[in-house]
Amino acid sequence: MSKFLYKPTVGIDVSADFSVVAILAPNGEIYRKPFKIKHNRDGFDYLVDQIKKAEEEFNMKTGIFMESTGVYHLTLFHFLKDKFETFIFNPLITNSNKNSGIRKVKNDKSDTISIAKIGKFQSVKCSSAFDVEIYTLKSLCRDYYKLTDTKSTYKKKLSTDLRVIFPGYNSVFSNITCKTSLAILKQFTSPQAILDADREILIEIISSNSRKGLNYSENLYKKLILIAQEALYIGIKSSSLFVKITNTISLIETLETQLECLLKEIHSLIKSRRLQETFIKNIQLIYSIPGIGELTAITIMSEIGDINGFLKPKHLIAYFGIDPSVNQSGKFNSDRNKMSKRGTRIGRRALYAIALASVRTNKNGKPNNEVLLKYYKENLKGKKKKVALGAVMNKLIKYIFSVLKNQKPFEIRDPKIHEKMYLQNQCKTVA
């Protein structure tokens, strides 16, 4: 039962530039018909006045409810949370409860009344927490991953264009966007330019950027000349197409600069004292799990926020959207259920990268996480790769939940030893 059942409630349907507000009386009747406020100082002050009038008339504190709508709700929520009891719903909750009447009605006024009624009459999960620094960190991490995706897009574009303009160039460099490759392409954008280049100048460019010695530089020069001769014969010759190479390289370098700036700011925020010590400690606890890098640990913790909001591992699993969807009706029960993918996309992506790293071995042949690698090879043998990795992601969430709840660094234990320790602890508890 909601604690606001006998109190006035405020429902807010948030849009980009304005919001629609409705206020319900303690008995559930509409006290203040839906009205619009603009997202500016006058609009916010007017809303506060209307809420205070309701509180004075009923001599009760109100509960304010709104949907999580991207970033649009953040300024209003941040403005109200220190003045009133303010809560955020997941849109999935409100969408499943709206339109309960026979008539199909969908507009801002009906939506805001529905939000107020959900907050008043139903005991649903909502949040009242908002930490500006954690939000900032999460935004920086998300921007980093988005720019990384954009950079990958342009890398693929460069590779595609080179196959047309400079066939065979991709075989010379394993990474065509490495420092040496970009230095050559910026100065010599066509096969003819490579053939016309001064031998010593080209070798010097290779040597100064690769730093692998003269022999490597000379061998690479020979490969480039051979490929350039062949590309000149079979490639498409167009000066306009060569401009595409220069433009793409410029965009890639700009993105790399922006990524460096973001990474610097993320680490600067972590080192500052603006984040709570418990939050920083939790990042280190996640980082203690093999296969998880520093940036990945920061990303996952910024997506989780407060671990106390998750009572069980399955709640965290659902938050990351790796819980299986359910498709069952009558006697039919589907055995092809996919991930729900309803949770944090960036968090799920980071978790997938960890799962891949956890089932690999390092250069010395040593497993990054021997328990998960064994689980992947033995228990998940015969499963499709993505299904198996999904199971590994599920295990990883349980590891993360465990280290955060117990506030202890991760320890690799064989499942049999772990089971034995668990039974011993149970015996001690009973005794």
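Bear in mind the structure is a predicted one, so any value in this text is a computation, not a measurement.

Q: Would you explain the confidence of the model for the protein in this entry?
A: When pLDDT drops low, the exact placement of atoms in the prediction is not to be read closely. Counting all residues, the mean pLDDT for the protein is 86, and 89% of those residues have values of 70 or more. Here strand 8 (residues 332-333) is the element of the protein with the lowest mean pLDDT, 51, and helix 1 (residues 41-58) is the one with the highest, 95.

Q: Just to check I follow, could you spell out unusual backbone geometry for this structure?
A: With a phi angle near 55 degrees, Asn59 is a residue other than glycine that sits in the positive phi range. Here Asn59 is to be found in the loop between helix 1 and strand 4 (63-67). Owing to a relative accessible area of 70%, Asn59 belongs among the exposed residues under this scheme. The phi dihedral of Arg211 is positive, around 55 degrees, even though this residue is not glycine. In this fold, Arg211 is placed in the loop between helix 9 (199-210) and helix 10 (214-234).

Q: Any chance you could explain helix 9 here in plain terms?
A: Within an α-helix, residues lying three or four positions from one another point in the same direction, as the helix has 3.6 residues per turn. With 12 residues, helix 9 extends 16 Å from end C-alpha to end C-alpha; this agrees with the ideal 16 Å at 1.5 Å per step. Within helix 9 the residues assigned to the buried category are Leu202, Ile203, Ile205, Ile206 and Ser210. With its buried residues spanning 155 degrees around the axis, helix 9 presents them on a single face. The N-terminus of helix 9 is capped by Asp198, whose side-chain oxygen sits 3.0 Å from the backbone nitrogen of Glu200.

Q: Mind showing me how you'd approach the packing of aromatic side chains here?
A: The geometry of an aromatic ring pair comes down to the distance between the two centres and the angle between the two planes. Evaluated as defined, the whole model comprises 13 aromatic pairs. Centre to centre, the rings of Tyr31 and Phe58 are 5.2 Å apart; their planes meet at 70 degrees, and the pair counts as edge-to-face. You can see Tyr31 sitting in strand 3 (residues 30-38) and its partner Phe58 sitting in helix 1, a full 27 residues away along the chain. Ring centres 6.1 Å apart and planes at 85 degrees place the aromatic pair Tyr144 and Tyr145 in the edge-to-face group.

Parameters and conventions
- Residues numbered from 1 in each chain as written.
- Predicted model: local features only at pLDDT ≥ 70, side-chain atom pairs only at ≥ 80, totals over all residues.
- Heavy atoms only, no water.
- pLDDT = per-residue confidence, 0-100.
- Helix = DSSP H or I, 4+ residues; strand = E, 2+ residues; numbered from the N terminus.
- Buried < 20%, exposed > 50% of the residue type's maximum accessible area, 1.4 Å probe, protein only.
- Expected span 1.5 Å × (residues − 1).
- Arc of directions from axis to C-beta.
- Polar contact = N/O pair within 3.5 Å; in protein donor to acceptor, adjacent residues only side chain to side chain.
- Phe/Tyr/Trp six-rings, centres within 6.5 Å; stacked < 30°, edge-to-face > 60°.

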